[in-house]
Each structure stands twice: as C-alpha cells, then as structure tokens.
Amino acid sequence: MVHTLIERLAETDRPRLVAELRSRGISPFYRTAESMIGSSVRLEGRDVLMFGSNNYLGLAGDIRVRSAAVEQIHRYGSATTGSRLLNGSNKLHVEIEELIAGWYRAVDALVFTSGYTANVGVLSALMGSGDIIVVDEYAHASIIDGARLSGAQILRFEHNNVESLRNVLTAAETAAGEALVVVDGLYSMEGSLAPLPEIVAICQDRGAAIMVDEAHSLGLYGESLCGWAEECGVLGEVDILMGSLSKGLGSTGGFIAGSAELIAGLKGTARSHLFTTSATPASLGAALESLRIVMSPEGRDIAHQVRTSSAHLAHLLHEQGVALDLPRAGWSPILSVKIGSDEEAVEVWNEILNSGVYVGVALHPAVPRGRSILRICVTADHRPDDLRHVADVIGTAVVGVPAL
Ligand code: PMP
C-alpha cells in the first residue's frame, strides 16, 4: 500500500526531473555547501562565487548578526520548545513585533516561524468559502497554499498587468463574499516590481482589500527601507503587510503587520502560528540585530551599494549581449535571464557552475513550462571583480542560447 503511494510520488514531475538530472551529474538541486559566508562559498569541495542567494544585504555573515544570535542562545537556550500561545513566547518575540509594527507604521505585528507559515496562516485564517482571493499569476507558493487552505475561490491575473487585474475584479463583483488581492512587492524569480499605485487604486475602486508580500523587497526600498509599498508611497493604503526574516535580514522567520484587530484575530485563529514551535532565540537575535543595522544610517549605505552593484552587473551583462528583462518601475537585486526549456536551462546552469559561479535556476513548476530562467542575485558581499567575473562567465554560457 505505502509502496504504491511512494511510487506515485516518484512519478510526479519534480522527483522525475531531479532523478534524471542527478543520473546525468548535472542536478542543480540539493547541492551541499561546506561554507556559506561571503561572496565565495565552498560547494562540494570547490570555491564558487555565490550569485544565487537571498542574502541581499550580506547580513547572514555579518559578525554582529552572528554574535547576536549566539548571545540569545546563551540567554534563552537553543529553542523555545513551545507554541507562542503557551510557553513559547519570550521578550524577543515581543521586541521584534514592536519594532516591525513601528517600521511599517502599523498598529501591531505578529512573528511566524517562517515567511511561508506567515502567508499560509494569514490567508487561511482571514478568508473563507464564498470569498475571493485574487493573485498575480507569479504569486509565491506560500500565497497559493494559504489561499487553497482558506477554501476561498482563487482567481489569477496576468503578471503585473493592471488591466487584467481590473477585469478579474470586475468579473468577480457579483460574488457575495469579500475580495482580497495579494501581490509581491518584488517578485522572487523574475526580479520584477509590482505596479503598486495602480493596483492599490483598482482595489480601492472595486472595494477589495490588499495584501503585499515584501519578503524580498524589505531592506532595499523605501525611505525607511521597509519595502516596495513605502517606495511607491502607498504604505498607508495597504491593509496587510507580510515580510520574511529569511532573506535580506539574514535570519529565519516571517511576519504580518496590520491593524490591532487583524493581529488579535490571527493570534486566536492562524493555525500555522498556533500549532508550531515559535521562532528560535537565535533567529530572533539575528533578525533583531539585522533590523537595527537596516534602520541605522548604515542600512541606507548597504541598500545603495546593492543597487549600484546590480546596475553595474546589468550593464556588464548587456555588454556581453545577455538579454535581461529589467523592471521599468525601479531597480532590482534579482536579474533574470530567460532561457526556455528546462533541459537548456540546466545545461547552461551547469556550464556556469563548472566555471566557478553559482546562480539560481527556476524550472517548471516554479515558473511556467518552457519559461525557465537563470536567477542572478546581487548582494552587498559582491565586489567589482566578482561582478566582472560573473558577467564574463554568464555571457559565455548564455549567448548563443536562443532567447524566448
Ligand atoms: N514570499 C515570497 C515571495 C517568497 O519568495 C518566499 C520564500 N522564497 C516566502 C514568501 C517564504 O518566506 P520564508 O523563506 O521566510 O519561508
């Protein structure tokens, strides 16, 4: 019986692809690092330049952030061993929630053990059968999973296409329930930026609530660096703000910021918050220190450096003849190169790795079939020499592969 179930599992798309690529020795999946700090990491016995990490601000390796994590382990122990609801809340949870709420000019905030569980928790708690959740077609899996769990109807609009969003909301207007539109500030795979002012205006016009996932954009955009909604001047118009501690902040965890009523409601109903062990002292210690750095004048310098490096790399890649789909609304630390088929993308990815550079690769189902991409992430750890080297390597591997 269980044998049949496991066989069925192995026949789904992803395991089949993983097994096939592994047998050819070119799998991008589950490669194992021996060191992860800085722009050069050690991967299976070789030094490679890391251009596939979400450590945009370089804080995961910052000695102050690492020391803060260690300090909190010494103070509180290695784990909280309980849910927030019962024995798993400590002063670090409260401190970070107050800091985050103030950062987003929200009344309150709630920390989750990951960004994934934050999205799943808020959507499944807030929405229900008869309601409508409208998502960008490139919405992150955690948004889709939360929406599915809620029992609400899920409607998709074309990526960053405001007319498509308007049409979907207009067609949905006859429904009796509530409508919530969920978008990312910065899309994690493509590096594109949501046209938030237009999206917010459409939501207001159609009476839909709006939630923005700032997982990748916090620490990089806006006057106080809390994300893309702030940079777009619509922070106060967004009903629910979601963020992750797991990317720019160099830790692990997620949060929701919003009204007092929203947070109080989630504390009683968000199952992915209630029925899991709370964020560890180490994660919170690291995230708190990162937040202090981001909120200090140094934060602006770091964001500025990432921006300058990203623009420089985009220029170098352009000189190499690599076609990039850069967002029009602003700059992005994520540069994506369209490749096409999964097979081609893996071949190119492997050639780049063999030249000593690790980039991300997004294959189906992370992206639509036939639209695989290389995902190049620029971080504050990268130096001009790294940028020049990676541009040469990617240029050599990519040019000649027909673009989509
Ligand atoms: N939202 C988006 C847009 C993401 O890209 C991710 C992670 N890749 C998450 C949420 C989940 O965040 P976490 O990694 O903290 O679970």
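Analysis parameters
- Residues numbered from 1 in each chain as written.
- Predicted model: local features only at pLDDT ≥ 70, side-chain atom pairs only at ≥ 80, totals over all residues.
- UniProt positions renumbered as here; feature names shortened; annotations may be inferred.
- Pairing = 2+ DSSP bridges.
- Helix = DSSP H or I, 4+ residues; strand = E, 2+ residues; numbered from the N terminus.
- Axes fitted to C-alpha atoms, helices over the stretch in contact; angles between N-to-C directions.
- Contact = placed C-beta atoms within 7 Å.
- Near = placed C-beta within 6 Å.
- Nonpolar A, V, L, I, M, F, W, Y, C, P; charged D, E, K, R; others polar.
- Expected span 1.5 Å × (residues − 1).
- Buried ≥ 20, exposed ≤ 12 C-beta atoms within 10 Å, placed from the backbone.
- Domains from an automatic or database assignment.

- Where an unreviewed UniProt entry is consulted, the chain appears under the name 8-amino-7-oxononanoate synthase, with the organism given as Gordonia pseudamarae.
- Under the UniProt heading Catalytic activity (unreviewed entry), the note attached to the chain is "6-carboxyhexanoyl-[ACP] + L-alanine + H(+) = (8S)-8-amino-7-oxononanoate + holo-[ACP] + CO2".
- The UniProt entry for the chain carries the following text under Cofactor (unreviewed entry): "pyridoxal 5'-phosphate".

## A look at the sheet that holds strand S9 (residues 240-244)
No. 1: Judged by pairing direction, the sheet is mixed, and its seven strands sit side by side in the order S4-S10-S9-S8-S7-S5-S6 without closing on themselves. The outermost strands of the open sheet, each flanked by one partner alone, are strand S4 (108-112) and strand S6 (153-157). Averaged over all pairs of adjacent strands, the angle between strand axes in this sheet comes to 20 degrees, irrespective of strand direction.
No. 2: Inspection of the sheet shows S4 paired to strand S10 (residues 254-258) by five bridges, in the antiparallel sense. Paired with Phe112 across the strands is Gly254, a residue of S10.
No. 3: Here helix H8 (residues 196-206) sits on the sheet and contacts strand S7 (179-184) and strand S8 (209-213); the angle it forms with S8, its principal contact strand, is near 155 degrees.

## Concerning the site of the ligand
No. 1: In the vicinity of the ligand there are 14 residues, among which Ser114, Gly115, Tyr116, His140 and Ser246 approach most closely.
No. 2: Among the elements that take part in the shell around the ligand, helix H5 (residues 115-126) stands out by supplying three residues, more than any other.
No. 3: For the shell around the ligand, the class distribution of residues is two nonpolar, 10 polar and two charged.

## Remarks on helix H13 (residues 297-319)
No. 1: Compared with the 33 Å implied by 1.5 Å per residue over 23 residues, the 34 Å span of H13 between its first and last C-alpha is a close match.
No. 2: Looking at the buried positions of H13, the neighbouring elements they touch are helix H12 (281-295), strand S11 (334-340) and helix H15 (384-398).

## Thoughts on unusual backbone geometry
No. 1: Backbone geometry places Arg105, a non-glycine residue, at a positive phi of 50 degrees.
No. 2: On the basis of neighbour counts, which here come to 13 C-beta atoms within 10 Å, the residue Arg105 falls in the partly exposed class.
No. 3: Located in the positive-phi region is Asn160, a residue other than glycine, with phi close to 55 degrees.
No. 4: With respect to the element layout, Asn160 can be found in the loop between S6 and helix H7 (162-171).
No. 5: Judged by C-beta crowding, with 23 C-beta atoms within 10 Å, Asn160 ranks as buried.

## Examining the pairing of strand S12 (residues 357-362)
No. 1: Burial runs high along S12: six of the six residues are buried.
No. 2: Because side chains alternate across S12, one face comprises the buried residues Val357, Val359 and Val361, and the other comprises Tyr358, Gly360 and Ala362, equally buried.
No. 3: Bridge analysis of strand S3 (residues 46-51) against S12 gives three bridges, and the strand direction is parallel. The partner of Phe51 across the bridge, within S12, is Val359.
No. 4: Looking at chain direction, S12 and strand S13 (residues 372-377) are connected through three bridges and run antiparallel.

## Considering the domain arrangement of the chain
No. 1: Parsing the chain into structural domains produces domain 1 (20-51 + 299-398) and domain 2 (63-295).
No. 2: Here domain 1 and domain 2 have C-alpha centroids that lie 26 Å from each other.
No. 3: Contacts between domain 1 and domain 2 engage 17 residues on the former and 15 residues on the latter.
No. 4: Of all elements in the fold, only H13, S11 and S13 reach the threshold of two or more residues within the side of domain 1 that touches domain 2.
No. 5: Looking at the side of domain 1 that touches domain 2 residue by residue, the classes come out as 11 nonpolar, four polar and two charged.

## Regarding the UniProt feature "domain: Aminotransferase class I/classII large" (unreviewed entry) in the chain
No. 1: With numbering matched to this structure, UniProt assigns "domain: Aminotransferase class I/classII large" (unreviewed entry) to residues 47-394.
No. 2: Between the end C-alpha atoms of residues 47-394 the distance is 17 Å, and the span holds 43% helix and 17% strand.

## A short note on the sheet that holds strand S2 (residues 40-43)
No. 1: Strand order in the open sheet formed by six strands is S1-S2-S3-S12-S13-S11, and the pairing between neighbours is mixed. Every interior strand has two partners, whereas the edge strands, strand S1 (33-35) and S11, have only one. Adjacent strand axes in the sheet meet at a mean angle of 45 degrees when their direction is disregarded.
No. 2: Two strands pair when backbone bridges link them, and S2 and S3 are joined in this way by four bridges, in the antiparallel orientation. Bridge pairing in S3 links Ser40 to Leu49.
No. 3: Packing against the sheet, helix H14 (residues 342-354) makes contact with S3, S11, S12 and S13, and its axis sits at approximately 165 degrees to S12.

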